[in-house]
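Fold and contact review
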Amino acid sequence: MDSRLEAVRDTVLARNPGELEFHQAVTEVFESLGPVHDRHPEFLEGAVLERLCEPERQIIFRVPWTDDSGRVHVNRGFRVEFNSALGPYKGGLRFHPSVYLGIVKFLGFEQIFKNALTGMPIGGGKGGSDFDPRGRSDAEIMRFCQSFMTELYRHIGEYTDVPAGDIGVGGREIGYLFGQYKRITNRYESGVLTGKGMSWGGSLVRPEATGFGTVIFAEEMLKTRGQSFDGQRVVVSGSGNVAIYAIAKAQALGATVVACSDSAGYIVDEAGIDVPLLRQIKEVERARLTEYAARRGSSVSYVAGGSVWDVNGTVALPCATQNELDGDAAAKLVSNGLVAIAEGANMPSTREAVSVFQEAGVLFGPGKAANAGGVATSALEMQQNASRDSWSFEHTEARLTEIMVGIHDRCAATAEEYGAPGNYVLGANIGGFVKVADAMLAQGLI
Ligand code: GLU
């Protein structure tokens with residue numbers, strides 16, 4: 001890392017002790033930015049990096065709620081409003097027991113660059129709670145969401161901060177959150193949340209957008225080597241919203257997706273994952289993959305525990321969670337013939353894994369570029385809300401495709417411009433950073 005940037009990075013790490021995922025996200029971005037600061041000394045003089053690493057505002061709050069037996073629980077709620085240089089803070093809410101400030105800050109930090117890369121007018125933010133939705137009834141989820149919004153509502157708004165979903169927050173939760181916001185504020189402010197239902201201000205293609213976008217990005221990377229998804233053998237991690245639609249899109253483009261996982265294990269389905277069955281089990285029944293294996297029959301094997309990255313494939317799409325793919329898993333994938341990997345999740349590959357892929361010459365699409373289709377389509381939802389319009393599936397999907405191809409091309413061109421052709425990590429970090437840094441300098445000392 002450039003020594004001028006290393007000093008800033010060390011200060012950031014020291015000021016934010018114990019926030020390991022935030023440290024990792026910051027370090028990864030800083031490692032790309034040396035060449036930018038050679039060309040743009042004004043970014044150093046304006047202390048852009050120091051400012052960028054300090055969120056504009058961080059909100060931490062108590063979320064009390066009662067379970068179905070009347071017992072009281074207390075969780076912690078977060079919203080980190082990281083950067084509003086390009087637009088209102090924008091980013092999802094994650095409900096998962098692993099959530100603490102370091103996770104929310106890593107996600108919020110990544111979101112700044114991701115959102116800049118989309119070309120849409122959205123700043124970066126993220127929030128969530130250490131609440132564990134697993135095994136909770138609908139009524140418990142609703143009470144939790146209502147309590148969470150009873151504090152959050154005062155911080156958000158169409159022109160201020162626009163949350164959406166992430167792990168543990170989908171259409172059901174957005175519904176309960178929106179209902180409570182509307183009730184407290186007495187405003188039908190559609191643009192305050194994205195990921196809404198179709199009949200009350202949602203956008204077609206938003207549910208599919210992150211997974212579809214990841215595959216579109218990967219297809220563009222493959223094209224640079226004269227290849228495509230057609231005939232590829234694909235391994236996916238996760239089986240939630242991102243994974244399901246990544247699998248669907250990859251198979252629509254002619255690939256066979258042979259594996260996916262949940263936190264308890266993974267399935268191998270050599271015939272190609274049955275997407276309607278997977279959706280039924282995961283989205284409707286909210287059940288585990290053991291259920292998929294039980295219903296699909298003998299062509300499927302279920303492996304309890306273990307790593308889905310042991311399954312060989314030519315394309316890998318990590319769509320589960322941060323740091324799910326380490327250096328050893330990366331080496332295994334490479335030795336099994338991996339050609340390309342695109343991150344549907346946020347920071348699923350450790351820094352060691354990224355190095356392994358890059359050294360092996362594997363096409364590597366980092367999450368902040370490859371999974372930006374979700375938030376980009378959230379921005380399309382905001383556009384539809386602002387104009388009180390609703391677009392067709394075809395039109396919205398065409399916009400998503402255009403945006404993903406644009407992100408790919410911008411990353412590729414930036415990498416080329418900075419002397420690292422094919423390095424999408426560098427291209428994404430520099431491409432996102434320069435846009436935000438220019439805006440911050442233009443807006444004065446903010
Ligand atoms: N949570 C998603 C992400 O990581 C989507 C955020 C949004 O739509 O605002 O980008």
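None of the values given here were measured: they were computed from a predicted structure.

**Quick notes on the environment of Phe22**
Its place among the elements puts Phe22 in helix α2 (residues 20-32). Take Phe22: its relative accessible area is 0%, and that puts it in the buried class. For the pair Phe22 and Phe106, spaced 84 residues apart in sequence, the C-alpha separation works out to 4.1 Å. Not counting residues within four places of it along the chain, the set of residues in contact with Phe22 comprises Val12, Asn16, Cys53, Phe82, Gly102, Lys105, Phe106 and Phe109.

**Section: the side chain of His37**
Inspection of the secondary structure puts His37 in helix α3 (residues 34-39). Among the residues examined, His37 registers a relative accessible area of 2% and is labelled buried. Polar contacts involving the side chain of His37 include one to the main-chain carbonyl oxygen of Leu33, which spans 3.0 Å. If we skip the residues at most four places from it in the chain, His37 touches Arg4, Leu5, Phe43, Leu44, Leu49 and Phe433.

**Considerations on the sheet that holds strand β11 (residues 340-342)**
The strand order across the open sheet formed by seven strands is β9-β8-β7-β6-β10-β11-β12, and the pairing between neighbours is mixed. Each edge of the sheet is formed by a strand with only one pairing partner; in this case those strands are β9 (300-304) and β12 (363-365). Pairwise comparison of adjacent strand axes, ignoring direction, gives a mean angle of 15° for this sheet. Note: β11 against β12, three bridges, orientation parallel.

**Some thoughts on the site of the ligand**
The local shell around the ligand holds 14 residues, among which Lys90, Lys114, Gly165, Asp166 and Ser378 are the closest. With respect to the ligand, the side chain of Lys114 contributes an N or O atom lying 2.8 Å from an oxygen atom. Take Asn346: an N or O atom from its side chain is 3.1 Å from an oxygen atom of the ligand. For the ligand, whose unbound accessible area comes to 290 Å², protein coverage reaches 94%. Those elements giving two or more residues to the shell around the ligand turn out to be β3 (89-95), α6 (101-118) and α16 (373-386).

**Description of the packing of helix α1 (residues 3-15) against α2**
How two helices sit against one another is set out by the angle between their axes and by the gap between those axes. Closest axis-to-axis distance for the α1/α2 pair is 10 Å, and the angle between their directions is 170°. By the angle between their directions, the pair α1 and α2 is classed as roughly antiparallel. Counting all contacts with α1, which are made through Leu5, Val8, Arg9, Val12 and Leu13, the residues of α2 involved are Phe22, His23, Val26, Thr27 and Phe30. Of the residues assigned to the contact of α1 with α2, the class counts are seven nonpolar, two polar and one charged.

Scoring rules and cut-offs
Residues numbered from 1 in each chain as written. Predicted model: local features only at pLDDT ≥ 70, side-chain atom pairs only at ≥ 80, totals over all residues. Heavy atoms only, no water. Helix = DSSP H or I, 4+ residues; strand = E, 2+ residues; numbered from the N terminus. Buried < 20%, exposed > 50% of the residue type's maximum accessible area, 1.4 Å probe, protein only. Contact = heavy atoms within 4.5 Å. Polar contact = N/O pair within 3.5 Å; in protein donor to acceptor, adjacent residues only side chain to side chain. Pairing = 2+ DSSP bridges. Axes fitted to C-alpha atoms, helices over the stretch in contact; angles between N-to-C directions. Near = heavy atom within 4 Å. Areas by Shrake-Rupley, 256 points an atom, 1.4 Å probe, with all protein chains shown as cover. Parallel < 35°, antiparallel > 145°, perpendicular 65-115°, else oblique. Nonpolar A, V, L, I, M, F, W, Y, C, P; charged D, E, K, R; others polar.

Honestly, it's all geometry; don't read function into it.
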